[in-house]
Amino acid sequence: MEEFKYLIPEESGIVVSMDVEKLREVEVNLRDVFTRHQYKELILPMFEYVDLFKTTRHQKEESMFQFMNRDGKRIALRADFTVPIARLYHNENTDEVRRYCYFGEVFRMQERHKGRSSELYQAGIELIGKPGEEGDQECLSLIEETMDVINMKDLKLELGNASFYLRLMELVQDEELSEILEKKAISEMKRFVEEKDLDEDLKEMLINLPSSFGSIDDLKAFKVKVKDKQLLDAITSLEELYLSCDKKEDVMFDLCMVPNQSYYTGVMMKVYSRYSEYPILSGGRYDRLMNNFDTYSPAIGFSYHINTLLNAYEKEGETND
Ligand SMILES: N[C@@H](Cc1c[nH]c[nH+]1)C(=O)O
């Protein structure tokens with residue numbers, strides 16, 4: 001394909017313009033925090049069997065970069081760090097608490113012409129074996145500490161809960177709800193609710209959901225409208241987690257948060273810079289992922305999306321000039 005030799009594929013477009021000096025600075029600062037808290041650094045394979053990501057059903061097959069190896073087995077470029085780390089924990093044959101951290105690329109095919117690279121540089125941690133509130137708090141305080149060392153202004157930490165989302169889907173039994181939640185579309189939600197045969201309390205709550213995003217007071221005001229026990233528990237666990245946050249003024253709640261990974265089961269976290277449309281960090285509790293390896297262990301983790309972070313950092317710099 002001679003005519004393409006001067007061009008860079010859309011898939012890796014952003015990578016070539018990455019500010020490597022800044023990347024290394026962020027990496028050093030994050031590594032320093034992770035290792036201070038006993039997170040052991042891992043280097044994980046770049047090539048995996050497609051089956052690894054398929055059996056855990058977390059990554060859509062069409063978003064994986066795949067090829068055949070010499071034995072005719074289907075190989076994928078690493079599409080995620082969390083899943084191979086779950087396998088690693090299983091292979092360690094332990095039920096003790098383990099702390100891992102990692103730095104490197106994941107490969108996920110993006111929608112065309114959105115200007116997003118398919119080669120995503122991540123820096124993250126996984127905390128395995130520490131259940132519930134205790135594990136959530138450890139993870140959250142680590143996020144807060146790392147938010148300090150990346151030296152960015154105006155960061156917001158958003159909390160959602162996958163158990164809230166999963167319970168809603170169970171009650172409503174309609175995939176369209178996911179899209180409406182993601183868009184926080186008030187009028188679409190009204191139309192959707194009117195067309196459905198649902199309990200009146202649930203209808204009233206759903207109508208209020210897209211506009212209930214915000215502070216702890218917004219969360220508390222919304223809670224009054226909730227009658228279902230599982231939904232209430234999910235909100236209470238967010239309230240409790242909030243109490244352990246150091247910088248409460250930077251914390252927001254989003255009950256419309258749709259899990260961006262299908263393995264999330266509990267609290268979900270996202271960090272936003274006002275200079276980026278996408279989160280610079282995302283993560284969550286995933287207590288059932290390990291079941292795929294016949295190991296039963298609660299876990300939570302997060303990843304910084306370094307490409308997004310560097311873009312936001314550059315924009316922040318431009319507005320300060
Ligand atoms: N692997 C997730 C982030 C995460 C790490 N641990 C838990 N969640 C992602 O790439 O979005």
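Small disclaimer: the values here were computed from a predicted structure and weren't measured.

**What to know about the sheet that holds strand β1 (residues 40-42)**
And then number 1: Read across the open sheet, the eight strands follow the order β1-β5-β6-β11-β10-β9-β7-β8; overall the sheet is mixed. Only two strands of the sheet have a single neighbouring strand rather than two, namely β1 and β8 (251-253). This sheet shows a mean twist of 20° between the axes of neighbouring strands, independent of strand direction.
And then number 2: Contacts between helix α4 (residues 82-91) and the sheet are confined to β1, β5 (98-107) and β6 (119-128), with β5 contributing the most and set at about 140° to the helix.
And then number 3: Here helix α6 (residues 162-172) sits on the sheet and contacts β7 (155-161) and β9 (267-273); the angle it forms with β7, its principal contact strand, is near 40°.

**Topic: a negative patch on the surface**
And then number 1: Taken together, the side chains of Asp19, Glu21, Glu314 and Glu318 make up a negatively charged region of the molecular surface.
And then number 2: Mapped onto the fold, Glu318 is located in helix α12 (residues 306-320).

**What about empty space enclosed by the protein?**
And then number 1: A complete count under the given rule lists one cavity of 30 Å³ or more for this structure.
And then number 2: By volume, the largest cavity is sized at about 110 Å³.
And then number 3: Surrounding the largest cavity, 18 residues form its lining, Gln261, Tyr263, Tyr264, Ser282 and Ser303 being those nearest its centre.
And then number 4: Elements with a minimum of two residues in the lining of the largest cavity: β6, β10 (281-285) and β11 (299-305).
And then number 5: In terms of residue class, the lining of the largest cavity is built from five nonpolar, 10 polar and three charged.

**Quick notes on helix α8 (residues 186-195)**
And then number 1: For α8, the set of buried residues is Met189, Phe192 and Val193. In a view along the axis of α8, the buried residues occupy a sector of 95°, so they form one face of it. Across α8 from its buried face, at more than 90 degrees, point the exposed residues Ser187, Glu194 and Glu195.
And then number 2: Packed against the buried residues of α8 are α6, α7 (176-183) and α9 (200-208).

**Quick word on the pairing of β11**
Moving residue by residue along a regular strand, the side chains alternate between the two faces of the sheet.
And then number 1: Of all seven residues in β11, seven are buried; the element is thus mostly enclosed.
And then number 2: Residues of β11 alternate between two faces, with Ala299, Gly301, Ser303 and His305 on one and Ile300, Phe302 and Tyr304 on the opposite face, all of them buried.
And then number 3: Alignment of β6 against β11, held across seven bridges, turns out to be antiparallel. Looking at β11, one finds that Ile125 is bridged to Phe302.
And then number 4: Summarising the sheet, β10 and β11 pair through five bridges and their orientation is antiparallel. Bridge pairing in β11 places Gly283 opposite Phe302.

**Some words on the sheet that holds strand β2 (residues 47-49)**
And then number 1: Pairing within the open sheet is antiparallel, and its three strands lie in the order β2-β4-β3. The open sheet has two free edges, formed respectively by β2 and β3 (66-68), since each of these has just one partner strand. Each strand axis lies, on average, 40° off the axis of its neighbour in the sheet, ignoring direction.
And then number 2: As judged from the three bridges shared by β3 and strand β4 (residues 74-77), these two strands associate in the antiparallel manner.

**Overview of the pattern of salt bridges**
And then number 1: As enumerated under the stated definition, the model contains 28 salt bridges in all.
And then number 2: The shortest N-O distance in the salt bridge between Asp250 and Lys156 comes to 4.0 Å. Of the two residues, Asp250 sits in the loop between α11 (229-243) and β8 while Lys156 sits in strand β7, which places them 94 residues apart along the sequence.
And then number 3: According to the relative accessible area criterion, Lys156 is partly exposed, its value standing at 30%.
And then number 4: When the shortest N-O distance is used, the salt bridge between Asp174 and Lys196 registers 3.0 Å. Of this pair, Asp174 sits in the loop between α6 and α7 while Lys196 sits in the loop between α8 and α9, and the two are 22 residues apart along the sequence.

**Topic: the site of the ligand**
And then number 1: Of all residues adjacent to the ligand, which total 17 residues, the nearest are Asp80, Thr82, Arg108, Glu126 and Tyr264.
And then number 2: Residue Gln122 places a side-chain N or O atom 3.0 Å away from an oxygen atom belonging to the ligand.
And then number 3: Protein burial of the ligand: of its 300 Å² of free accessible surface, 100% is covered by the chains.
And then number 4: One can see that the ligand is located within the largest cavity.
And then number 5: Elements with a contribution of two residues or more to the shell around the ligand: β6, β10 and β11.

**Regarding the layout of surface pockets**
And then number 1: Put simply, the largest pocket is a space of about 1800 Å³.
And then number 2: Lining the largest pocket are 47 residues, with Gln110, Arg116, Glu182, Asn260 and Tyr278 sitting closest to its centre.
And then number 3: At the level of elements, β6, β7, α6, α7, β9 and α12 are the ones that each hand at least two residues to the lining of the largest pocket.
And then number 4: At five residues, α12 tops the list of elements feeding residues into the lining of the largest pocket.
And then number 5: Within the lining of the largest pocket, the residues separate by chemical class into 17 nonpolar, 16 polar and 14 charged.
And then number 6: In terms of lining, the second largest pocket is formed by Ser163, Tyr165, Leu166, Arg167, Met169, Glu170, Glu175, Gln230, Asp233 and Ala234.
And then number 7: With six residues, α6 is the largest single contributor of residues to the lining of the second largest pocket.
And then number 8: Of the residues contributing to the lining of the second largest pocket, the split by class is four nonpolar, two polar and four charged.

What counts, and where the lines are drawn
Residues numbered from 1 in each chain as written. Predicted model: local features only at pLDDT ≥ 70, side-chain atom pairs only at ≥ 80, totals over all residues. Heavy atoms only, no water. Pairing = 2+ DSSP bridges. Helix = DSSP H or I, 4+ residues; strand = E, 2+ residues; numbered from the N terminus. Axes fitted to C-alpha atoms, helices over the stretch in contact; angles between N-to-C directions. Contact = heavy atoms within 4.5 Å. Patch = residues over 30% accessible without salt bridge, like charges linked within 9 Å, V, L, I, M, F, W, Y side chains within 5 Å. Areas by Shrake-Rupley, 256 points an atom, 1.4 Å probe, with all protein chains shown as cover. Salt bridge = Lys/Arg side-chain N within 4 Å of Asp/Glu carboxyl O. Lys, Arg positive; Asp, Glu negative; His and termini not counted. Charge placed at Lys NZ, Arg CZ, Asp CG, Glu CD. 1 Å grid on protein atoms, 1.4 Å probe; cavity = no way out; pocket = protein on both sides within 12 Å on 5 of 7 lines; lining within 4 Å. Points joined across faces, edges and corners; volume = space filled by probe spheres on them. Nonpolar A, V, L, I, M, F, W, Y, C, P; charged D, E, K, R; others polar. Buried < 20%, exposed > 50% of the residue type's maximum accessible area, 1.4 Å probe, protein only. Arc of directions from axis to C-beta. Near = heavy atom within 4 Å. Polar contact = N/O pair within 3.5 Å; in protein donor to acceptor, adjacent residues only side chain to side chain. Sits in = over half its atoms within 2 Å of the grid points.

Taken by themselves, the reported measurements are silent on function.
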